[in-house]
Amino acid sequence: LSTCGTLSSERRARVASVDEGVMGDAVTDLAAEARLPTGVTITAPSALTVATWPESGDLDVQWTSADATSALVRIEPEGASNPASTPTIICVARTAGRVRVPQALIAQANFRAMDARVRVWSYRDGSTTAEGGKTYRVSGATSSSVLLQARR
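Going along each chain's sequence as written, the residues are numbered from 1 onward. Residues qualify for local features only when their pLDDT is at least 70, as the model is predicted, and side-chain atom pairs are given and counted only at 80 or more; totals for whole chains, interfaces and linings, by contrast, use all residues. Only hydrogens and water are removed before side-chain values are computed, so all heavy atoms of the structure are retained for them.

Observations concerning the pattern of salt bridges
Salt bridges, as used here, are contacts in which a Lys or Arg side-chain nitrogen is within 4 Å of a carboxyl oxygen on Asp or Glu. Tallied over the full model, the rule gives 6 salt bridges. Between Asp 60 and Arg 100 there is a salt bridge, with its nearest N and O atoms 3.9 Å apart. A residue pair is termed long-range when its members are at least 10 positions apart, and Asp 60 in strand S5 (residues 59-64) and Arg 100 in strand S8 (residues 98-101) qualify at 40 residues. Assessed through its relative accessible area of 16%, Asp 60 is described here as buried. Helix and strand assignments follow DSSP, with helices taken as H or I runs no shorter than four residues and strands as E runs no shorter than two, numbered in order from the N terminus. Exposure categories follow from relative accessible area, calculated using a 1.4 Å probe and restricted to protein chains: below 20% of the type maximum is buried, above 50% is exposed, and the middle band is partly exposed.

Thoughts on the packing of aromatic side chains
Pairing of aromatic side chains here covers Phe, Tyr and the six-membered ring of Trp, requires ring centres within 6.5 Å, and sorts the geometry by plane angle: under 30 degrees stacked, over 60 edge-to-face, intermediate tilted. By the definition in use, this model includes 1 aromatic pair. Aromatic pair Trp 53 and Phe 111: ring centres 6.1 Å apart, planes at 15°, arrangement stacked. On the criterion of sequence distance, the pair formed by Trp 53 in the loop between strand S4 (50-52) and S5 and Phe 111 in the loop between helix H1 (103-109) and strand S9 (116-129) is long-range, its members being 58 residues apart.

Considering the nonpolar core
Definition used in this section: a nonpolar core is a set of buried Ala, Val, Leu, Ile, Met, Phe, Trp, Tyr and Cys residues joined via side-chain atoms within 4.5 Å. Counting 23 residues, the largest nonpolar core has Leu 59, Trp 63, Val 73 and Ile 75 as the members making the most contacts within it. Broken down by secondary-structure element, the contributors of at least two residues to this core are S5, strand S6 (70-77), strand S7 (89-92), S8, H1, S9 and strand S10 (135-149). Ignoring any residue separated from it by four or fewer positions in sequence, one finds Ile 75 in contact with Trp 53, Leu 59, Pro 87, Thr 88, Ile 89, Val 101, Phe 111, Ala 116, Arg 117 and Val 118. Note on contacts: a residue pair qualifies if any of its non-hydrogen atoms lie within 4.5 Å across the two residues.

Details of the side chain of Thr 142
Following the sequence through the fold, Thr 142 ends up in strand S10. For this analysis, a polar contact is any N or O atom pair within 3.5 Å, provided that within protein one partner can donate a hydrogen and the other can accept it, and provided that sequence-adjacent residues contribute only side-chain to side-chain pairs. A distance of 3.1 Å separates a polar atom in the side chain of Thr 142 from the backbone oxygen of Thr 38.

What follows is the structure, encoded as structure tokens:
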């Protein structure tokens, strides 16, 4: 990022690669600009940063993020000591600003019995062509999360 500032659709990050004469250098003479979507505002399952898991049913996750072109929702236990060995649900959004996580997945991981972090990643995708004609995908991302506390 070239300067400090708030997250907005006008924020940009510069990406560059130059040929330094290194054997096997696959990305040479690349100059791109990744543009960010606006910050993610989660509106469901709660607009609050901490809420309790719904008693039953699918989990409806909704959010807004202007100028986003794709998104990902990730649910994992809060404070896991070894994230690689804990249950995780990852959903790629098929509709803008909404994902429905099936009850069966939530039950399989037993998430309602634990505190879990629901994180929404919002991406603004673009592409650039490097010297030699190869096209690369360039994305800027923002995220936000809500903590769902275990049902007690």
